[in-house]
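Architecture and fold: a report
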Amino acid sequence: MVRCVIVKDSEVIAEGYHMKYGSNHAEINALEDLNKNNNISEAEFRQLTLYCTLEPCCHHGKTGPCTDAIIKSGIKKVVIGIKDPNPKVSGSGIKQLEDNGIEVLFGFFEEELIELNKHFFFKNTYNRPYIAVKIASSADGMSHRKDNTFTWITSEQSRDNVQIVRAGFDAILTGGNTLRNDNPRMNARVDFEVNQPQKILLTSQEINKESNFFKSGDVIINRSSDLNKVITELSNTEINSILVEAGPNLVNAFLDNDLVDEIIIYKSNITLGDEGVSWFENKTIESLGFDLKSSFKINDDSKETYLKTP
């Protein structure tokens with residue numbers, strides 16, 4: 001998520017943001033906005049300042065280099081919030097601007113900007129996608145009934161909130177048992193434009209491809225039982241973040257392999273007792289190595305977000 005504004009005499013005269021993966025970057029949109037809505041002479045361009053939250057790219061990817069467009073525009077001052085952690089950029093964009101006579105200032109609000117794009121920064125720091133686990137739990141920590149009879153544990157409002165969470169991830173990963181037992185769609189059903197998450201299925205068995213999971217979007221099927229190998233393979237893709245929505249066996253396998261960075265729990269006030277299957281047996285989230293970051297109510301449910309203890 002990147003934004004750019006162009007300023008003349010302390011007034012914002014053009015702006016742009018990165019609207020969608022694969023589309024123009026923020027700087028290009030801001031320059032187009034400038035040319036469309038302002039009558040700026042070549043001499044005046046030299047008096048403008050371009051502000052952007054992330055270092056402009058200097059390589060060919062889905063789009064061309066933003067640095068080339070900035071240099072060509074004639075703008076002579078650029079203020080950058082934070083360097084791009086992508087090794088393809090990471091200071092090279094700044095150097096290219098400076099080598100072409102542009103004054104560059106950088107390093108502002110870095111903590112906030114890392115949080116804004118935490119999945120992107122995580123991937124480029126640790127060389128694997130950021131992985132969150134989302135679960136729905138009864139009040140006594142159960143996942144579902146032992147007889148596998150399907151009933152919603154949490155409220156409709158909580159399930160609506162899940163859609164927004166899904167929209168914030170590049171991929172959703174689940175297992176074959178979840179598909180067979182629940183027949184989920186696992187797409188982001190939201191009322192705003194979104195890049196639908198890539199669906200990933202881990203299963204060693206054959207699966208019914210007529211199920212809801214396959215009805216929208218491509219599905220990556222991986223039959224390996226080695227989670228570290230699976231994540232290594234996904235690390236070589238453009239996926240920066242994965243939301244795991246699965247049953248206790250697969251969720252605990254991710255935890256046992258130290259592959260979870262965040263746990264999101266939607267907890268209802270329903271108890272299942274002896275009829276239920278426990279998420280974490282007798283373990284607490286804290287004993288698994290996570291700290292509570294936030295907690296709030298959704299009707300009679302609660303949503304708790306835990307982050308891995310530093």
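Structure first, text after, so check above.
Reference entry: report on the structure contained in this document. (Residues numbered from 1 in each chain as written. Predicted model: local features only at pLDDT ≥ 70, side-chain atom pairs only at ≥ 80, totals over all residues. Heavy atoms only, no water.)

Some thoughts on a nonpolar patch on the surface
- The grouping of Leu105, Phe108 and Phe109 at the surface amounts to a nonpolar patch, some 310 Å² of accessible area in total.
- Among the secondary structure elements, leucine 105 is positioned in strand S5 (residues 103–106).
- A residue is classified by how much of its surface remains accessible, and leucine 105, at 34% relative accessible area, is partly exposed. (Patch = residues over 30% accessible without salt bridge, like charges linked within 9 Å, V, L, I, M, F, W, Y side chains within 5 Å. Areas by Shrake-Rupley, 256 points an atom, 1.4 Å probe, with all protein chains shown as cover. Salt bridge = Lys/Arg side-chain N within 4 Å of Asp/Glu carboxyl O. Helix = DSSP H or I, 4+ residues; strand = E, 2+ residues; numbered from the N terminus. Buried < 20%, exposed > 50% of the residue type's maximum accessible area, 1.4 Å probe, protein only.)

What about the sheet that holds strand S2 (residues 11–17)?
- Here we have five strands laid out as an open sheet, ordered S2-S1-S3-S4-S5, and mixed in their pairing. The sheet is open, and its two edges are formed by S2 and S5, each paired on a single side. Here the strands of the sheet are splayed against their neighbours by 20° on average, with no regard to which way each runs.
- Of the strand pairs in this sheet, strand S1 (residues 3–8) and S2 are connected by six bridges, and their pairing is antiparallel. When the bridges of S2 are listed, valine 7 appears paired with valine 12. (Pairing = 2+ DSSP bridges. Axes fitted to C-alpha atoms, helices over the stretch in contact; angles between N-to-C directions.)

Some thoughts on the sheet that holds strand S10 (residues 219–222)
- Ordered in space as S10-S9-S8-S11-S6-S12-S15-S14, the eight strands form an open sheet in which the pairing is mixed. Each end of this open sheet is capped by a strand with a single partner; those strands are S10 and strand S14 (290–298). Neighbour to neighbour, the strand axes of the sheet diverge by 20° on average, direction disregarded.
- Where strand S8 (residues 171–175) meets strand S9 (residues 198–202), five bridges bridge the pair, whose relative direction is parallel. Paired with threonine 174 across the strands is leucine 201, a residue of S9.
- Sheet strands in contact with helix H7 (residues 156–167) are strand S6 (130–137), S8, strand S11 (241–244), strand S12 (262–267), S14 and strand S15 (301–308), and its direction is about 160° off that of S12.
- This element, helix H9 (residues 227–235), spans S6, S9, S10 and S11 of the sheet and lies at about 155° to S9. (Contact = heavy atoms within 4.5 Å.)

Examining the nonpolar core
- One finds Leu173, Leu202, Ile242, Val244, Val251, Phe254 and Ile263 to be the most contacted residues of the largest nonpolar core, which totals 28 residues.
- Breaking this core down by element, the ones donating at least two residues are S6, S8, S9, H9, S11, helix H10 (248–256) and S12.
- In this view, isoleucine 242 contacts Pro129, Tyr130, Ile131, Ala132, Phe169, Ala171, Leu173, Ile231 and Leu234; residues no more than four positions away in its chain are not counted.
- Membership of the second largest hydrophobic core comes to 26 residues, among which are Cys4, Phe45, Leu97 and Val104. (Core = buried A, V, L, I, M, F, W, Y, C linked by side-chain atoms within 4.5 Å.)

Considering the packing of helix H1 (residues 26–37) against helix H3 (residues 66–73)
- Contact geometry for H1 and H3: axes closest at 9 Å, N-to-C directions at 30°. Regarding the angle of H1 to H3, the classification is roughly parallel. Classified by chirality, the crossing of H3 by H1 is left-handed. Within the contact between the two elements, H1 uses Glu27, Ile28 and Leu31 and H3 uses Cys66, Ala69, Ile70 and Ser73.
- The class makeup of the residues in the contact of H1 with H3 is five nonpolar, one polar and one charged. (Parallel < 35°, antiparallel > 145°, perpendicular 65-115°, else oblique. Left-handed = near helix turned anticlockwise from the far one by under 90°. Nonpolar A, V, L, I, M, F, W, Y, C, P; charged D, E, K, R; others polar.)

A look at the pattern of salt bridges
- Applying the stated criterion to the full structure yields 12 salt bridges.
- A salt bridge links lysine 134 to glutamate 245; its shortest N-O distance comes to 3.1 Å. Of this pair, lysine 134 sits in strand S6 while glutamate 245 is found in the loop between S11 and H10, placing the two residues 111 residues apart along the sequence.
- Ionic pairing is found between glutamate 245 and arginine 166, a salt bridge with its closest N-O pair at 2.7 Å. Of the two residues, glutamate 245 sits in the loop between S11 and H10 while arginine 166 sits in helix H7, which places them 79 residues apart along the sequence. Per residue, the accessibility class of glutamate 245 equals that of arginine 166, and both read buried.

Some words on the packing of aromatic side chains
- If you walk through the whole model with that rule in mind, you get five aromatic pairs.
- Taking 5.9 Å as the distance between ring centres and 85° as the angle between the ring planes, the aromatic pair formed by phenylalanine 213 and phenylalanine 214 counts as edge-to-face. With respect to burial, phenylalanine 213 and phenylalanine 214 carry one shared label: buried.
- Measuring from centroid to centroid gives 6.3 Å for tryptophan 279 and phenylalanine 280, while their planes differ by 40°, and the two rings are tilted.
- Residue classification places phenylalanine 280 among the buried residues on the basis of a relative accessible area of 8%. (Phe/Tyr/Trp six-rings, centres within 6.5 Å; stacked < 30°, edge-to-face > 60°.)

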